[in-house]
Amino acid sequence: MTIDWLWWLQLGFILYFFLLNGMYLLLNMLSMVSLMGYIRQRAETGEIAPYLGVEPPVSVLMPAYNEQATIRTSVRSMLQLQYPEFEVVVINDGSKDDTLAVLIDEFELVPHPEPLRQAVQHQPVLAIYRSRRYANLRVIDKANGGKADALNAGINAARHGLFCGVDADSILQRDSLLRVVQPFLEDERTIAAGGTVRIANGSEVRGGFLIRAGLPRNWLARFQIVEYLRAFLFGRLGWSPMNAVLIISGAFGLFDRERVMAVGGYRTDTVGEDMELVVRLHRYHRERRIPYRIRYLPDPICWTECPEDLGTLGRQRSRWQRGLAESLGRHARLAFSLRGGTPGWLAWPFMALFEWLGPLIELVGYGFMIGGFVLGVVSYAALTAFLLVAIGMGILLSVNGLLLETMSFRVYERRRDMLRLFLMAVLENFGYRQLNTLWRCRGLWQWFSRRKHHWGAMRRSGQWGQS
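These numbers were taken from a predicted model, which means no experiment stands behind them.

Novice: Hey, could you go over the packing of aromatic side chains for me, with residue numbers and the actual values?
Specialist: Per the stated rule, a full pass over the model turns up 21 aromatic pairs. Ring centres 5.9 Å apart and planes at 45° place the aromatic pair Tyr16 and Phe354 in the tilted group. Pair noted here: Tyr16 is in helix α1 (residues 2-45) and Phe354 is in helix α11 (residues 341-356), with a separation of 338 residues, a long-range link. Residue classification places Tyr16 among the buried positions, given a relative accessible area of 10%.

Set out below in structure tokens:
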């Protein structure tokens, strides 16, 4: 009886990893179809982002907390975007460093008192500044309340119907707004759209813009380049045609301001405010049968600095996992509800099984199969099959993502950079992904134990931010 139980447990873990990687391969195939169609469409319109002259004005909201290393470059990047009409609203969320002082000095800020509507709640505003050099730049200085609270203050201060949330450690390509606004022009039902986030570490940045994409020397950062490609370009792209995108990165997303205010703005009691908002938008519109579209586009690119030390990276991944658990848990009613549609019937169960519970199942699976082999209760054939589906198919996923990147946008032009990334795609499966699983399990424990959440600070090199 014991032998039968152990045999079924081995088979269960092998099948789970096969299903996990198999479903991601299927999602990659859907992404490939979408990507090829997008590239054909782009070829017809030309490489330059289309400018129609009817683009709606946009408010770019940039929450900042202890961002003195990169805030100057990031704001410059926003001010030089190619777009007919937009404003930049920086929200200093009670920074303890010189973020506000850097902004005042660099952009010649002066006090500019103005009343703010209270459509959504946030911590008190201490002061509002405008720039004497840039008419479309304002800075809000407020008491610390976290990133979601800062975004809510930005929503109240925004003057336009669309707002774009951007992280203060990020820079946008000049045509990013022109590209990400296209779904709003093509389909009036669109309420949100997101673009691709890529790693800026190791790249050449001048005057707030990325001149040449390069690879960082830090191996952790290189692993994250492969990881971001897999998550954004060939994960979320597969869900977009089904109107089932559950995550638009807080680093770069465009939203209909009225629709966001209708659902109450960003929640301040979660660490995953970006995903929670998108899932809540799905649920709100599904339950009320309001037509809507949420899109993902592969080439409006946002460049961001990623962690280069284990401590910061681990805290980030634990926070992301906790945010995912909070978002899915709060909106469990979306799953399998009569009005859930593809977000409820496909995306929510997929995310719950493979992203929410996945780290715990993976950790137990690795421990049982390897520990059982050492103790002699797991056969060599079973362990080999497990490693083939857990690691072999994982390598296939990462390499497939890089192949599609090579076939499409070719952001990394130098051949040696692509060869190094292919090496990273193989090596990440031997240690890095397992370490990520441990961090994500810690995030699950933090969610389960209901520990207090904090926005926190990320250690930054600030190297590209000074150029």
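So that's the structure; there's more coming.
Novice: I'd like to hear about a nonpolar patch on the surface, residue by residue, with values.
Specialist: A surface patch of nonpolar side chains, about 660 Å² in accessible area, is lined by Ile370, Phe373, Val374, Leu375, Val377 and Tyr380. With four residues, helix α12 (residues 358-375) is the single largest residue contributor to the nonpolar patch. Mapped onto the secondary structure, Val374 falls in helix α12.

Novice: Please provide a residue-by-residue account of unusual backbone geometry, values included.
Specialist: Unlike most non-glycine residues, Asn66 shows phi in positive territory, near 55°. Residue Asn66 is classed as partly exposed on the basis of its relative accessible area, which comes to 23%. Despite not being glycine, Arg289 has its phi angle at roughly 55°, a positive value. Structurally, Arg289 is set in the loop between α9 (273-287) and β12 (293-304). Classification of Arg289 as exposed rests on a relative accessible area of 62%.

Novice: How would you explain the UniProt feature "domain: Glycosyltransferase 2-like" (unreviewed entry) in the chain if you had to name every residue and give the values?
Specialist: Taking the UniProt record as the reference, the feature "domain: Glycosyltransferase 2-like" (unreviewed entry) is found at residues 59-202. The distance from the first to the last C-alpha atom of residues 59-202 is 30 Å, and the span holds 27% helix and 33% strand.

Novice: Explain the environment of Gly344 to me, using residue names and the numbers behind them.
Specialist: Relative to the assigned elements, Gly344 resides in helix α11. The class for Gly344 is buried, based on a relative accessible area of 0%. Sequence separation of Gly344 and His331 is 13 residues, and the distance between their C-alpha atoms is 9.5 Å. Leave out the neighbours within four places in its chain, and Gly344 touches Leu334, Ala335, Phe336 and Pro349.

Novice: Run through the sheet that holds strand β5 (residues 137-142), naming residues and quoting values.
Specialist: Within a sheet, each strand pairs with its neighbour through backbone hydrogen bonds, oriented either parallel or antiparallel. Reading across the sheet, the ten strands line up as β3-β4-β5-β2-β1-β6-β11-β8-β12-β7 and stay open at both edges, with mixed pairing between neighbours. The two strands at the open ends of the sheet, each matched to only one other strand, are β3 (109-111) and β7 (170-172). Sheet twist, expressed as the average angle between the axes of neighbouring strands with direction ignored, equals 30°. Bridge analysis of strand β1 (residues 58-64) against strand β2 (residues 86-93) gives seven bridges, and the strand direction is parallel. Paired with Met62 across the two strands is Val90, which belongs to β2.

Novice: I'd like to hear about the pairing of β5, residue by residue, with values.
Specialist: Burial runs high along β5: six of the six residues are buried. Both β2 and β5 contribute to a ladder of six bridges, which runs parallel. Across the sheet, residue Asp93 finds its bridge partner in β5, namely Lys142. In the sheet, strand β4 (residues 125-131) pairs with β5 via five bridges, with the strands oriented antiparallel. In the sheet register, Val125 faces β5, and the bridge partner there is Lys142. Counting the residues in the hairpin turn of β4 and β5 gives five residues.

Novice: Please set out helix α4 (residues 147-157) residue by residue, giving values where relevant.
Specialist: For α4, the tally of buried residues reaches eleven of eleven residues, placing the bulk of the element in the interior. Buried residues of α4: Lys147, Ala148, Asp149, Ala150, Leu151, Asn152, Ala153, Gly154, Ile155, Asn156 and Ala157, and no others. Contacts from the buried residues of α4 go to β1, β2, β5, β6 (162-166), α8 (257-262) and α9.

Novice: Explain the environment of Arg288 residue by residue, including any values.
Specialist: Structurally, Arg288 can be placed in the loop between α9 and β12. Each C-alpha atom, one on Arg288 and one on Thr70, is 42 Å from the other, the two residues being 218 residues apart in sequence.

Novice: Before we move on, can you summarise the UniProt feature "transmembrane region" (unreviewed entry) in the chain with the specific residues and values?
Specialist: UniProt records the feature "transmembrane region" (unreviewed entry) for residues 6-27, 363-383 and 389-412 in the present numbering. The distance separating the terminal C-alpha atoms of residues 6-27 is 32 Å; by composition the span is 100% helix and 0% strand. End C-alpha to end C-alpha, residues 363-383 measures 15 Å, and it is 81% helix and 0% strand.

Novice: Can you explain the pattern of salt bridges? Please cite residues and give values.
Specialist: This structure, assessed with the given rule, holds 26 salt bridges. With a shortest N-O distance of 3.9 Å, Glu273 and Lys147 are connected by a salt bridge. With Glu273 in helix α9 and Lys147 in helix α4, the pair connects residues that are 126 residues apart, well separated along the chain. One salt bridge in this structure joins Glu204 and Arg212, with 3.8 Å as the shortest N-O distance. Taking the relative accessible area as the measure of exposure, Glu204 reaches 23% and is therefore partly exposed. Judged by its relative accessible area of 33%, Arg212 falls in the partly exposed class. Salt bridges sharing partners connect three or more residues here, namely Glu87, Glu114, Arg138 and Arg159.

Reading the values: rules and limits
Residues numbered from 1 in each chain as written. Predicted model: local features only at pLDDT ≥ 70, side-chain atom pairs only at ≥ 80, totals over all residues. Heavy atoms only, no water. Phe/Tyr/Trp six-rings, centres within 6.5 Å; stacked < 30°, edge-to-face > 60°. Helix = DSSP H or I, 4+ residues; strand = E, 2+ residues; numbered from the N terminus. Buried < 20%, exposed > 50% of the residue type's maximum accessible area, 1.4 Å probe, protein only. Patch = residues over 30% accessible without salt bridge, like charges linked within 9 Å, V, L, I, M, F, W, Y side chains within 5 Å. Areas by Shrake-Rupley, 256 points an atom, 1.4 Å probe, with all protein chains shown as cover. Salt bridge = Lys/Arg side-chain N within 4 Å of Asp/Glu carboxyl O. UniProt positions renumbered as here; feature names shortened; annotations may be inferred. Contact = heavy atoms within 4.5 Å. Pairing = 2+ DSSP bridges. Axes fitted to C-alpha atoms, helices over the stretch in contact; angles between N-to-C directions.

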